[in-house]
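Analysis of the macromolecular model
Each chain, written out:
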Amino acid sequence: MPHSTLQIIRDEHAAVAAVLRSLSMMLERGPGDEPERFFDVLRAMLFYIDEFPEKLHHPKESDLLFPRIARAAPELMPVIRRLESDHMMGEGKVRELQHLLLAWELIGESRHAAFAEAAQAYASFYLDHMRTEETQLLPAAQKALSADDWTQLDAAFQHERDPLAGGVRDPCYDRLFTRIVLTAPSPIGVGQA
């Protein structure tokens, strides 16, 4: 039986993965003749990651999904501990990236490599985190959780969904998403590849 929670998590993961891949593609392309626009969209991407996955997606997983899986499948506790540790470090890693990006923008090329290395490491870290959730936890949850668990999870995960992943559009974020979509390359945007 399909559960909306599982699809929401996968959709939100896909949105974050698309932003991370677009960020990497933009780094490969570089600022070119429009450095203001380039740095502006990278800042917007990092703000998006901080605003949606870190503040909305991860808390639902940590507070609602992980405890249920831990009770139903205690053998997964080492995986849950690792993922929970990732969640705890995530916000700090995004803030570090924001600082490194600002340093590159304000100080110049001497700070480019530090940001690029940290951004690639973060993208790998995050993609691995999501892959672990999808390959180890979600299949176990699908097998082990009760119908009552799924009813509660499905209701909770419907709230405050990521607009890039099918959530309700919030007009206060229109400028952010417009900035990302118009400038970032595919798969997240319509900018030059």
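Presented here is a report on the structure given in the accompanying data block. (Residues numbered from 1 in each chain as written. Predicted model: local features only at pLDDT ≥ 70, side-chain atom pairs only at ≥ 80, totals over all residues. Heavy atoms only, no water.)

**Focus: the overall build of the protein chain**
- Scanning the protein chain from N- to C-terminus turns up six helices and zero strands.
- Order of helices (α) and strands (β) in the protein chain, N terminus to C terminus: α-α-α-α-α-α.
- Considered along the principal axes of its C-alpha atoms, the protein chain spans approximately 55 × 35 × 25 Å.
- When the accessible surface of the protein chain is split by element, carbon and sulfur atoms take 55% of a total near 9700 Å².
- For the protein chain, the separation between the mean place of its 20 positive charges and that of its 30 negative charges on side chains is 1 Å. (Helix = DSSP H or I, 4+ residues; strand = E, 2+ residues; numbered from the N terminus. Areas by Shrake-Rupley, 256 points an atom, 1.4 Å probe, with all protein chains shown as cover. Lys, Arg positive; Asp, Glu negative; His and termini not counted. Charge placed at Lys NZ, Arg CZ, Asp CG, Glu CD.)

**Observations regarding the environment of Ala156**
- Positionally, Ala156 belongs in helix α5 (residues 147-158).
- When the C-alpha positions of Ala156 and Arg179 are compared, they lie 29 Å apart, and in sequence the two are 23 residues distant.
- Those residues in contact with Ala156, other than ones at most four positions away along the chain, are Lys60 and Leu64. (Contact = heavy atoms within 4.5 Å.)

**Observations concerning a nonpolar patch on the surface**
- Where nonpolar side chains cluster on the molecular surface, the patch consists of Leu102, Leu106 and Ile107 and spans about 310 Å² of accessible area.
- Within the secondary structure, Leu102 sits in helix α3 (residues 77-107).
- For Leu102, a relative accessible area of 41% translates into the label partly exposed. (Patch = residues over 30% accessible without salt bridge, like charges linked within 9 Å, V, L, I, M, F, W, Y side chains within 5 Å. Salt bridge = Lys/Arg side-chain N within 4 Å of Asp/Glu carboxyl O. Buried < 20%, exposed > 50% of the residue type's maximum accessible area, 1.4 Å probe, protein only.)

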